[in-house]
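This is what each chain is made of:
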Amino acid sequence: MSVEHGLWDESVPDLVDSLCRRATVRRFDPDGNIPPEELRAIIDAGRKAPTSGTTQAYSFLWLRNPETRARVHELCNRGSQQVEDASHFLLVCIDVRRNARLLDHRGEAFHLPREMGLLEGAIDAALAAQQTMVAAESRGYGVCPIGNILNGIYEITEELEIPEGVLPIFGLCIGIPRDQPRENCPRVPLEAVLHEETYDDADEQLLEACYDAMNQMYGDSVYGDDSREWHGTLARYWGPDGFMTRREADFSATLDRQGFGTLDGVYDSNPSLGSRNESCSVSTSGDDS
Ligand SMILES: Cc1cc2nc3c(=O)[nH]c(=O)nc-3n(C[C@H](O)[C@H](O)[C@H](O)COP(=O)(O)O)c2cc1C
């Protein structure tokens, strides 16, 4: 479809239909190869995503060593074979460290507030990752975000010696799908997520419609459970003893260790590169606060 009042001065494909058909890929061809140069081009497109105030508070950490990937998989509590099988595995990270160093390089001060650092960095990182995923899928590759890294986030951050100001928030597999695309995972009805003018709680009918829609996903190799009821999945994530609550303490300790709420700068230790701001704290990776 052509857009008359469009942004483009040339015709580009309308992605709406293909985006409605996309699906996460969890089984990758372990021998499948996406040339590194192609991955770089895909990420280059991904990083043109919007970024708050131009500050690009994220990085991708590309884990190329199979042993490192196997170790990260182990620290995820396993169950995510795609971490090892996909052609490429990246850690999507909040990264305010580069900005701290850029400021220091011009003799400017820096501070990393805990909640806003987390929020702004997570938004920038997620948008760049999402655009990277769309770029990869547009080439026919499969993608899978890996939130399971949060099962071992403290150890992963420590073992990979990820410095203060940087925090992995999810993994990202990109590779060659092993199977034909599976059926699209359903979503709750549009009216449950799109509110007009004011926020309105879903009524009982709409709540039931959400379950009706989502219960169609059972049989899915990852999320299927015996009850075949989506409330089981919701409770596993958001119940009082769900993943989110169980991950909280470890995540919070990792935030502390990575300097969220305390980091006041990362001075440049290489004198040939420029200034050293004496007021900045020294970053010690693995420093357990
Ligand atoms: C932040 C985030 C973390 C995710 N973590 C995992 C994961 O650890 N393992 C996995 O198999 N899928 C993971 N997924 C993929 C979701 O399970 C998937 O998007 C969801 O089931 C909907 O399926 P669809 O993408 O095929 O529509 C994650 C997705 C997001 C956005």
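This one's a predicted model, so the numbers in the text were calculated from it and none came from an experiment.

### Side note on the confidence of the model for the protein
Averaged over every residue, the pLDDT of the protein is 89; residues scoring 70 or more account for 88%. Across residues 273–289, where pLDDT falls below 50, the model places 40 contacts with residues more than four positions away in sequence or in other chains.

### Overview of unusual backbone geometry
Phi is positive for glutamine 56, which is not a glycine, with a value near 50°. Tracing the sequence through the fold places glutamine 56 in the loop between α2 (36–46) and β1 (58–63).

### Points about the UniProt feature "domain: Nitroreductase" (unreviewed entry) in the protein
Mapped onto the present numbering, the UniProt feature "domain: Nitroreductase" (unreviewed entry) falls at residues 21–175. Summarising residues 21–175: 43% helix, 19% strand, and an end-to-end C-alpha distance of 18 Å.

### What about the environment of phenylalanine 110?
Here phenylalanine 110 shows up in the loop between α5 (97–105) and α6 (114–138). For phenylalanine 110, a relative accessible area of 12% corresponds to the buried category. Note: C-alpha distance between phenylalanine 110 and glutamine 56 (54 residues apart in sequence) is 15 Å. In this structure phenylalanine 110 touches Val96, Ala100, Leu103, Leu263, Asp264 and Gly265, once residues within four positions along its chain are discounted.

### Some details on the sheet that holds β1
Backbone-to-backbone hydrogen bonds pair the strands of a sheet. The strands run either parallel or antiparallel. Spatially, β1-β2-β4-β3 is the arrangement adopted by the four strands of the open sheet, whose pairing is antiparallel. The sheet is open, and its two edges are formed by β1 and β3 (142–146), each paired on a single side. Strand-to-strand twist of the sheet, defined as the mean angle between neighbouring strand axes without regard to direction, takes the value 25°. Its contacts with the sheet place α2 against β1, β2 (88–95) and β4 (166–175), and it is angled at close to 165° to β1.

### A short note on the nonpolar core
Counting residues in hydrophobic clusters, the biggest one holds 53 residues, and the most contacted among them are Phe60, Phe89, Leu91, Ile149 and Ile174. If sequence neighbours within four positions are ignored, phenylalanine 89 has contacts with Leu61, Trp62, Leu63, Arg69, Val72, Val83, Ile146, Ile149, Gly171, Leu172 and Cys173.

### Regarding the pattern of salt bridges
In total, this model carries 13 salt bridges according to the counting rule given. Between arginine 40 and glutamate 37 there is a salt bridge, and its shortest N-O distance comes to 3.3 Å. Taken as a pair, arginine 40 and glutamate 37 lie in helix α2 at a separation of three residues, close to a single helical turn. Residue glutamate 84 pairs with arginine 78 through a salt bridge whose shortest N-O separation is 3.5 Å. A relative accessible area of 41% means that arginine 78 is categorised as partly exposed. Within the structure, one salt-bridge network assembled from shared partners comprises Asp44, Arg47 and Lys48.

### A short note on the environment of histidine 73
Along the chain, histidine 73 turns up in helix α3 (residues 66–75). As for histidine 73 and asparagine 148, which are separated by 75 residues in sequence, their C-alpha atoms are 8.8 Å apart. If near-sequence neighbours (up to four positions away) are discounted, histidine 73 is found in contact with Arg78, Gly79, Ser80, Gln81, Val83 and Glu84. A polar contact of 3.0 Å, which involves the side chain of histidine 73, links it to the backbone nitrogen of serine 80.

Thresholds applied
Residues numbered from 1 in each chain as written. Predicted model: local features only at pLDDT ≥ 70, side-chain atom pairs only at ≥ 80, totals over all residues. Heavy atoms only, no water. pLDDT = per-residue confidence, 0-100. Contact = heavy atoms within 4.5 Å. Helix = DSSP H or I, 4+ residues; strand = E, 2+ residues; numbered from the N terminus. UniProt positions renumbered as here; feature names shortened; annotations may be inferred. Buried < 20%, exposed > 50% of the residue type's maximum accessible area, 1.4 Å probe, protein only. Pairing = 2+ DSSP bridges. Axes fitted to C-alpha atoms, helices over the stretch in contact; angles between N-to-C directions. Core = buried A, V, L, I, M, F, W, Y, C linked by side-chain atoms within 4.5 Å. Salt bridge = Lys/Arg side-chain N within 4 Å of Asp/Glu carboxyl O. Polar contact = N/O pair within 3.5 Å; in protein donor to acceptor, adjacent residues only side chain to side chain.

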